[in-house]
Amino acid sequence: MNAPERHPPALHAVTDDPRYIGASVTRTGARRLVEGRGTYLDDIKLPRMAHVVYWRSPVAHCRILGIVRDHALQMPGVIAVVDGAEVATVCKPWVATLSHLVGMKSAPQHALAIDRACWQGEPVVAVVAETRAQAEDALQYLQVEWESLPAALEMETALDAATPVIHPDLGDNLCFTRSLDTGGVDAAFAAAEVVCEATFHFGRHTGVTLEPRCQIADWNPGDQRLTVYHSQQAPHMMQDLYSRQFSLPESSVRVICKDVGGSFGIKVHAYPDDFATVALSMLLKRPVKFVADRLESFTSDIHAREHRIHGRIAASKVGDILAFEIDDLTGIGPYSMFPRTSAIEGNQVVNLTGGPYRHQQYRAHLKVVFLNKTPTCQYRGVGHPIACAVTEGLVDLAAAKLGMDPLAFRKRNVIRDDAYPATGISGIKLEVLSHEECLRQIETLMDYPALRAEQAALRERGIHRGIGFATLIELTNPGAAFYGVGGARIAAQDGATIRLEPTGSVTVLVSVGEQGQGAEGIYTQIAADAVGVGIDKVRVVTGDTDVTPYGGGTWASRGAGIGGEAVLQAGLALRQGILKVAAVILNRDAAGLAVHRDEIVDAATGATLMPLAELGRVAYFRPDTLPPGFTPELMVTRHYAQRDYPFIFTNGVQASYVEVDLDTGFVKLLKHWAVEDCGRVINPMLVDEQMRGAIVQGIGGAMYEECLYDAEGQLINGNMADYLVPMSAEMPDIVVAHVQTPTASSKLGAKGAGEAGTAGAPGAMMNAINDALRPHSAAVFSQPFTPEKILRALGRVA
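Residues numbered from 1 in each chain as written. Predicted model: local features only at pLDDT ≥ 70, side-chain atom pairs only at ≥ 80, totals over all residues. Heavy atoms only, no water.

**Some words on the packing of aromatic side chains**
Counted under the stated rule, the structure contains 16 aromatic pairs. Consider the rings of Tyr242 and Phe246, whose centres lie 6.4 Å apart with planes at 50°: the pair is tilted. Look at Phe482 and Trp555: their rings are 6.1 Å apart centre to centre, the planes differ by 75°, and that puts the pair in the edge-to-face class. Highlighted residues: Phe482 in the loop between strand S20 (464–476) and strand S21 (493–500) and Trp555 in the loop between strand S23 (538–542) and helix H15 (559–586), separated in sequence by 73 residues. Each member of the pair Phe482 and Trp555 is classed as buried. The structure contains a cluster of three or more aromatic residues connected by ring pairs, namely Trp94, Tyr242, Phe246, Phe275 and Phe338. Sitting above the plane of the Trp555 ring, Arg340 keeps its charged end 4.7 Å from the centroid. (Phe/Tyr/Trp six-rings, centres within 6.5 Å; stacked < 30°, edge-to-face > 60°. Helix = DSSP H or I, 4+ residues; strand = E, 2+ residues; numbered from the N terminus. Buried < 20%, exposed > 50% of the residue type's maximum accessible area, 1.4 Å probe, protein only. Lys NZ or Arg CZ within 6 Å of the ring centre and 35° of its normal.)

Printed below as a string of structure tokens:
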């Protein structure tokens, strides 16, 4: 269900004839996919291609004593059995730190573990065969001798003297720590009439992409060139990493990403087996394919969100928030993840907690500790769901203690819509947000007074329903502040090349790839409007470092705001180039011409003067008819980097309506609402579906998903039977509405929309459950909110 739009801004400032920007256009490429003509990585077959599987550590921490490969090598089809020392002859180790995260440390990591394996799932030995089945069969005959080592498994005890230090050279298990203090926190809490506190736990979980991680590495010794087919979000980043880790010129590395079956941040990192597969291709001088199976994905794909946060809020008796304080402890893996690092998530929690509100005091302390578990890193939302849930959980506690309605309490305390630009209490720069308008809209959208009345009536009948809110901010359109300032070679800019073809159609080459989110669709819309052609005349090409301009790729909700702006600027420049050619052909002043719906027209009268196809014919095939010295320029490249702010923030609010069964602890999700301000909405249908998908993913983390480990560091639910993901039958109707406050940092005015749903959903769900439990003096703050935890909070189980 969709709600009506309020106050959509005029589009004529962006293009002369806005037909497609702002319209719900069916995404290009959808028909090709539903007809089974997609090209996912496992569809690709190359001559002489071999297949690799990896022997992975079966335990959390072990010393590798010996590898006996004789029997495996005798198996049919086996080409090679390769260990870490052999791979290290061609691939350098890496250390994943960022210089702006002062004091951060991590140990050198190899593509294949050499002496020790430090988590269950770390790759140790590669078995390469003619087919995947042959490699799997041979793996059973590989003998690896190992001895178990003591492991650091609990973040609460990771820094204790009795806990083994995973990497003795580092001195301890502390990866990164950060403190932030505005200076008046103690005084604010001492003066407050209301102080509330709670300890929040967030369960470690993972992305479960439809297509697993996979790649084909093809080293061609003849021309000394490496081509890697990848299911990846950042092809130019991987090109740079392969260049550096294998000491190759960047021009000798090509990364191709065709159709990608979902990413969610899982595929924006460089994994050890990525480098190992490339090394194998170089050692064997033939293509090598790796496709992770679902079981190994659970222990080799990054995890995220394992945090314990103790939070406090201070408020005055009239309902003003005075201060927040948090202490965040988060457990990562034994290594920081390359190259984006495993400390960004915790750093984001510090930056974002309390973000929507006007309080003047804030203190935060963060510790990021190494554990012998699967490495953690950026996953959809990157700290936002944690910071939002902590903030909004504390806000609800304060409102309840004050006896104030939680929506009214938020209205009183959010940063005013007329207060921007502003600086958040953590130092974040906020260009323009719309908290007040979003709160007004959601109150109307959900008919809040009627819902409260319904809740009260049902409580009289023993039916326990709850309403929960979560106000949020989302970091999008990042500049170099995210990674570049810390030394990571991850582009903050993106580029687009647009070419007019002889037939009058347009080809667009963009550095931001398609991951299933509809990026190619919005680029088609933007290019069509910018140039002045029909949407059916636009073809978009992404995901090839040999073809597309250099750029950062798909991450941090930057595809529309940064990639889209590059497409717009290139399209507008091509339009001007077309008009210059038309002016020469027609012997008219370019200022009196316009491109309108595939034709050159008189700007004043709209009269058709020439179809674009005719202009293309003359420019490409009859340049002899043009004046001497004039050369048509019908191919344009533009790059865009957002430089006005470190990040462009969006905002929104979500609300959940749930019913809790006090006898079983089960929660029924009844309805969910979201009002989001992501700047200019390019395609409402795609934005709504991005919001819904992200909300479902957020609900998954809040209600179902958790990577469970036993006392020995073994993942005990690493399969699709035991690891719960949200299913359609369990999901509520999700109603989405928009406020549009375009950013002035770009002509397009678009912000990001890919992660806000994930950011707000867990907090809204938590507050709704606790609203239902409040008459029974019970509350839950540990995600996922399982029936067992709810019954324990009610005192019905021990």
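That shown, we press on.
**Points about the confidence of the model for the chain**
On average, residues of the chain carry a pLDDT of 96, and 98% of them reach 70 or more. Taken as a whole, residues 3–7 scores under 50 in pLDDT and shows 11 contacts with residues more than four places along the chain or in a different chain. (pLDDT = per-residue confidence, 0-100. Contact = heavy atoms within 4.5 Å.)

**Section: the packing of helix H17 (residues 684–703) against helix H18 (residues 756–773)**
Here H17 crosses H18 at 50°, and the two axes come no closer than 7 Å. On the basis of their axis angle, the class for H17 and H18 is oblique. The two elements H17 and H18 cross, and the hand of that crossing is right-handed. Residues Met691, Ala694, Ile695, Gln697, Gly698, Ile699, Ala702 and Met703 of H17 pack against Ala756, Gly757, Thr758, Ala761, Pro762, Met765 and Ile769 of H18. Per-class residue counts for the contact of H17 with H18 are 11 nonpolar, 4 polar and no charged. (Axes fitted to C-alpha atoms, helices over the stretch in contact; angles between N-to-C directions. Parallel < 35°, antiparallel > 145°, perpendicular 65-115°, else oblique. Left-handed = near helix turned anticlockwise from the far one by under 90°. Nonpolar A, V, L, I, M, F, W, Y, C, P; charged D, E, K, R; others polar.)

**A few points about the side chain of Gln239**
Residue placement: Gln239 occurs in helix H6 (residues 235–245). Not counting the four nearest positions on each side in its chain, Gln239 is found in contact with Glu250, Val253, Val255, Thr545 and Tyr550.

**Observations regarding unusual backbone geometry**
Across the junction of Phe338 and Pro339, the peptide omega takes the value -5°, indicating a cis bond. Structurally, Pro339 can be placed in the loop between strand S16 (321–331) and helix H9 (344–352). A cis amide bond, omega 0°, links Tyr420 with the succeeding residue Pro421. Topologically, Pro421 is positioned in the loop between helix H11 (406–413) and strand S18 (422–423). Its identity is not glycine, yet Ser557 carries a phi of approximately 50°, on the positive side. Tracing the chain through its elements places Ser557 in the loop between S23 and H15. Accessibility expressed as a relative area gives 11% for Ser557, which makes it buried. A positive phi angle, near 75°, is found at Asp598, a position not held by glycine. Relative to the elements of secondary structure, Asp598 occurs in the loop between strand S24 (593–596) and strand S25 (599–602).

**Re the pairing of S16**
Counting buried residues in S16 gives 9 out of 11 residues, a clear majority hidden from the surface. With 9 bridges joining them, strand S15 (residues 307–315) and S16 adopt antiparallel strand pairing. Bridge assignment links Ile313 to a residue of S16, and that residue is Phe324. Connecting the antiparallel pair S15 and S16 is a turn made up of 5 residues, with Gly319 showing a positive phi of about 105°. Alignment of S16 against strand S17 (residues 361–369), held across 9 bridges, turns out to be parallel. Across the sheet, Thr330 pairs through a bridge with Val368, a residue of S17. Handedness of the S16-H9-S17 crossover: right-handed. (Pairing = 2+ DSSP bridges. Right-handed = clockwise from strand over helix to strand, strands pointing away.)

**As for the pattern of salt bridges**
Under the counting rule described, the total for this entry stands at 50 salt bridges. Of the charged contacts, one joins Asp83 and Arg69 as a salt bridge, the two residues approaching to 2.9 Å between their closest N and O atoms. You can see Asp83 sitting in strand S3 (residues 78–83) and its partner Arg69 sitting in the loop between strand S2 (62–68) and helix H2 (70–73), a full 14 residues away along the chain. The burial state of Asp83 is the same as that of Arg69; both residues are buried. We note a salt bridge from Asp624 to Arg622, for which the minimum N-O separation is 2.8 Å. Through salt bridges that share partners, Arg56, Arg132, Glu136, Arg213, Asp273, Asp293, Glu296 and Asp301 make up one connected network. (Salt bridge = Lys/Arg side-chain N within 4 Å of Asp/Glu carboxyl O.)

**Thoughts on the environment of His307**
Assignment of secondary structure puts His307 in strand S15. Residue His307 is classed as buried on the basis of its relative accessible area of 1%. With 490 residues separating them along the chain, His307 and Val797 place their C-alpha atoms 25 Å apart. With sequence-adjacent residues up to four places away left out, His307 is seen in contact with Met155, Phe200, His201, Phe202, Asp328, Leu329, Thr330, Glu345, Gly346, Val349 and Ile386. Engagement of the side chain of His307 in a polar contact is seen with the side chain of Asp328, the distance being 2.9 Å. (Polar contact = N/O pair within 3.5 Å; in protein donor to acceptor, adjacent residues only side chain to side chain.)

**Overview of the sheet that holds S25**
An order of S24-S25-S26 is seen for the 3 strands of this open sheet, with the pairing classed as antiparallel. Only two strands of the sheet have a single neighbouring strand rather than two, namely S24 and strand S26 (608–611). Going across the sheet, the axis of each strand differs from the next one's by a mean of 30°, ignoring polarity. Sheet topology note: the S24/S25 ladder contains 4 bridges and is antiparallel. Its bridge partner lying in S25, Ala594 is registered against Val601. The strands touched by helix H16 (residues 612–621) within the sheet are S24, S25 and S26, with S26 carrying the most contacts at an inclination of about 55°.

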